[in-house]
Amino acid sequence: MRDPNDLLEEGDGLLLVDVQKDFCPGGALPIEEGDEIVPVLSKWIKAAQAKRIPIYASRDWHPLQHMSFEGHGGKWPPHCIQDTDGAAFHPELKLPDNTVKITKGVRFDQDQNSAFDQTGLAEQLTRDNVKRLWVGGLALDVCVLTTVLDARRLGFEVHVILEATRPVTPEGGEEAIQKMREAGATIVSESLQQMPKR
Ligand code: VGL
Ligand code: ZN
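All of these numbers come straight from a predicted model, not from anything done at the bench.

J.: Whenever I open this one, the coordination of the zinc ion (ligand 2) confuses me. Can you help?
T.: Metal coordination angles have textbook ideals: 109.5 degrees for a tetrahedral set of four donors and 90 or 180 degrees for an octahedral set of six. Coordination sphere of the zinc ion (ligand 2), protein contribution only: Asp 60 (OD), His 62 (NE2) and His 79 (NE2), at 2.0 to 2.2 Å. Classification of the site at the zinc ion (ligand 2) as irregular follows from its four donor atoms and the range of 88 to 173° in their angles at the metal. In primary sequence terms, the donor set of the zinc ion (ligand 2) follows D-x1-H-x16-H. Of the two residues, Asp 60 and His 62, neither departs from the other in class, the shared state being buried.

Here is the structure:
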């Protein structure tokens, strides 16, 4: 298996997208096997810490009756409501104290799927001298996808850790991988190093 210790380099950042209880089995918007990414990410967190690679963790953080919720103009069941248990990061995800947290989805009038959407994250990454991102989290076909596309548009190199993400639907996941590749992101599998191009 590929070892994150051999892959992480100076100028890298580790970006964990929405690893929250509501997106895991038992949560309000459960993604199949969503919790299985946690041990994978924990390994990456450890390696990043050891190599002084900065860690960023975004969270979906919606007001009550958010416009993305069913019955309020959106398509999602209510999820990640501010200060509820379901909005918490997965308890097994051991985030170091110096993790940079990114809060999104707080606007009343629009959704913010991407961790870059009106958060100032790009500016922060530049300040931190980050040029290449290693990305994992939930969901592959929603927030990971939009985050990766924004990162590419903003000029960051992106490696998506395949084992560290799961889609809402399998078809959505396939499509997301296609779109991310087209945008110049690299899909990395810990077992294969790089996914074979189909
Ligand atoms: C997400 C659906 C709704 C995500 C957020 O984090 O992927 N998905 N809100
Ligand atoms: Zn949401």
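This is not the end of the story, as more comes after the structure.
J.: I'm lost on unusual backbone geometry in this one. Help?
T.: Across the chain, the bulk of peptide bonds are trans and the bulk of non-glycine residues have phi less than zero. The omega torsion of the bond from Leu 138 to Ala 139 falls at -15°, within 30 degrees of zero and hence cis. Mapped onto the secondary structure, Ala 139 falls in the loop between β4 (132–138) and α4 (140–153). You will see that Asp 18, though not glycine, has its phi angle at about 50°, which is positive. Within the secondary structure layout, Asp 18 lies in the loop between β1 (12–17) and α2 (37–50). Overall, the relative accessible area of 0% leaves Asp 18 in the buried class.

J.: Whenever I open this one, the site of ligand 1 confuses me. Can you help?
T.: Taken together, Asp 18, Phe 23, Leu 29, Asp 60, Trp 76, His 79, Leu 138, Ala 139, Val 142 and Cys 143 make up the full set of residues near ligand 1. At a separation of 3.0 Å, a nitrogen atom of ligand 1 approaches a polar side-chain atom of His 79. For ligand 1, whose accessible area on its own is 260 Å², the fraction buried by protein is 100%. For the shell around ligand 1, a count of residues per class yields seven nonpolar, one polar and two charged.

J.: Looking at this structure, I do not really get the environment of Val 17. What am I missing?
T.: Locating Val 17 in the fold gives a position in strand β1. In this structure, the C-alpha to C-alpha distance between Val 17 and Arg 107, residues 90 residues apart in sequence, is 18 Å. Those residues in contact with Val 17, other than ones at most four positions away along the chain, are Ser 58, Val 135, Gly 136, Gly 137, Leu 138, Cys 143, Val 144 and Thr 147.

J.: Please explain the sheet that holds strand β5 (residues 157–166) as it appears in this structure.
T.: Think of a sheet as strands paired side by side through backbone hydrogen bonds, with each pair either parallel or antiparallel. Taking strand neighbours across the sheet as the criterion, the six strands line up as β3-β2-β1-β4-β5-β6 in an open arrangement whose pairing is parallel. Single-partner strands in this sheet number two, and they are β3 (100–104) and β6 (186–188). Between one strand axis and the next, the sheet turns by 25° as a mean value, whatever way the strands run. Both strand β2 (residues 55–60) and β3 contribute to a ladder of five bridges, which runs parallel. Within β3, the residue paired with Arg 59 across the bridge is Thr 103. Helix-sheet contacts for α2 involve β1, β2, β4 and β5, and the interaxial angle to β5 is about 140°.

Each value, and the rule that gives it
- Residues numbered from 1 in each chain as written.
- Chains lettered and ligands numbered in written order.
- Predicted model: local features only at pLDDT ≥ 70, side-chain atom pairs only at ≥ 80, totals over all residues.
- Heavy atoms only, no water.
- Donors = N, O, S within 2.8 Å, 3.2 Å for Na, K, Ca; no water.
- Tetrahedral: all angles 85-135°; square planar, octahedral: opposite > 155°, others 65-115°.
- Buried < 20%, exposed > 50% of the residue type's maximum accessible area, 1.4 Å probe, protein only.
- Helix = DSSP H or I, 4+ residues; strand = E, 2+ residues; numbered from the N terminus.
- Near = heavy atom within 4 Å.
- Polar contact = N/O pair within 3.5 Å; in protein donor to acceptor, adjacent residues only side chain to side chain.
- Areas by Shrake-Rupley, 256 points an atom, 1.4 Å probe, with all protein chains shown as cover.
- Nonpolar A, V, L, I, M, F, W, Y, C, P; charged D, E, K, R; others polar.
- Contact = heavy atoms within 4.5 Å.
- Pairing = 2+ DSSP bridges.
- Axes fitted to C-alpha atoms, helices over the stretch in contact; angles between N-to-C directions.

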